[in-house]
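Spelled out from the first residue to the last, the chains are:
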Amino acid sequence: MPALIEVADLVKEFRSFRRGEGVASAFRALFVRQYTTLRAVDSISFRIPAGEMVGYIGPNGAGKSTTIKMLTGILMPTTGSVVSNGYQPFAQRAQYTRTIGAVFGQRTQLWWDIAVVESFRLLKNIYGVTDADYTARMKRFDEVLEIGRYLHQPVRKLSLGERMRCDVAAALLHHPPLLFLDEPTIGLDIVAKDRIREFLKHINRQNGTTILLTTHDLADIEELCARLMVIDKGKLLFDGPLVELKRRLWRENTVKFEVKDREQAQRLESLGLPGVTPERVSELSVRLHFPREMQATAEVIRKVLNAVEVTDIAIEEQSIDDVVKEIYTGSALTHR
């Protein structure tokens, strides 16, 4: 499948003046300046086909936002190349930005002191959206995001969740095939997050919109993205299916058993299966932990069922939070 975004050996460096301490250093700096260079993005390459929803995660300072700014044309790469939607973002920014949408969680593209609807009308004229398309899209935004009640309020009077719903709608008013989201659910309550996630899934299914999402909320990734890219210290550590990342880092299997009575729970705790560690969850509930390589889940369940009266079984996957925590501590993603 042809790539909608093609990134090759992308590098972004920032050069800053290093100021010494004391009067002598300040005087010397008038004549001889010392600079330091920070490499925020370090030779990363990836391809994103049309219609994919891709998560792009990493700790603070990893290079996520810098990458997004280069992909949207805000920053010029130091070296390397970006071709996105057929354009070189920085070199062809005027034409390119008409084909993308972008939402930055900490900033709004809406005008602060005027009614929300006035911002939408301005964007309609900027992008040349027809009256018929504008009416249809605003109707759809209201159905899914419920923005109709906010349209006649100034942006400054909206809550963060209300503003983010409006920002997402504004980014999609001109029906772009490509959407960049940088922390779109930051600071939102559960209801607001759920509405935005459902809307993003809807536009991806219905319109084939390609979405690149950076977030610290890993529930966003699990809800929306089958593919995940992990960046740290400017380097791309992983690029592949979320299930593959879990497989590579999922060292422990966990099964929770509900049992008939307290006696059965005690019996389950004392079974003594090799490599299996029991954890009492409640009076009638015991969770068993065991290394994936040492014990097969089916075999553990078979042995438990032969020894204990079980009323319910739940196989629990390792959470993405645990997986990413391993990556950030530096022990993960060695070749297996």
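Residues numbered from 1 in each chain as written. Predicted model: local features only at pLDDT ≥ 70, side-chain atom pairs only at ≥ 80, totals over all residues. Heavy atoms only, no water.

Undergrad: Let's hear about the pairing of strand β1 (residues 3–18): which residues, and what values?
TA: By the bridge criterion, 12 bridges tie β1 to strand β2 (residues 34–49) in an arrangement that is antiparallel. From the neighbouring strand, glutamate 6 faces β2, where its bridge partner is arginine 47. (Pairing = 2+ DSSP bridges. Helix = DSSP H or I, 4+ residues; strand = E, 2+ residues; numbered from the N terminus.)

Undergrad: Could you give an account of the packing of aromatic side chains, naming the residues involved and the relevant values?
TA: All told, the structure shown has 3 aromatic pairs when counted by the stated rule. The ring centre of tyrosine 134 lies 5.9 Å from the NZ or CZ of lysine 124, which sits over that ring. (Phe/Tyr/Trp six-rings, centres within 6.5 Å; stacked < 30°, edge-to-face > 60°. Lys NZ or Arg CZ within 6 Å of the ring centre and 35° of its normal.)

Undergrad: Give me the sheet that holds strand β3 (residues 53–57): which residues, what numbers.
TA: Taken in spatial order, the 6 strands of this open sheet run β5-β6-β7-β3-β8-β9, and their pairing is mixed. Both outer strands of the open sheet, β5 (100–104) and β9 (235–241), are each paired with one neighbouring strand and no more. Each adjacent strand pair in this sheet contributes to an overall mean axis angle of 15 degrees, direction not counted. In this sheet, strand β6 (residues 178–182) lies alongside β5 in parallel orientation, the contact comprising 5 bridges. (Axes fitted to C-alpha atoms, helices over the stretch in contact; angles between N-to-C directions.)

Undergrad: Could you give me a rundown of the nonpolar core, with the residues and numbers involved?
TA: Generally speaking, a soluble globular protein has its nonpolar side chains buried in company with each other. The biggest cluster of nonpolar side chains holds 48 residues, and the ones touching the most others in it are Phe120, Ile147 and Leu200. Examining the composition of this core, we find that 6 residues originate from one element, helix α6 (residues 160–171), more than from any other. Residue contacts for leucine 200: discarding those within four places in its chain leaves Met53, Val168, Leu179, Leu181, Ile211 and Leu224. Listed in part, the 24 residues of the second largest apolar core include Phe46, Ile48, Leu178 and Phe180. (Core = buried A, V, L, I, M, F, W, Y, C linked by side-chain atoms within 4.5 Å. Buried < 20%, exposed > 50% of the residue type's maximum accessible area, 1.4 Å probe, protein only. Contact = heavy atoms within 4.5 Å.)

By themselves these figures say nothing about function.
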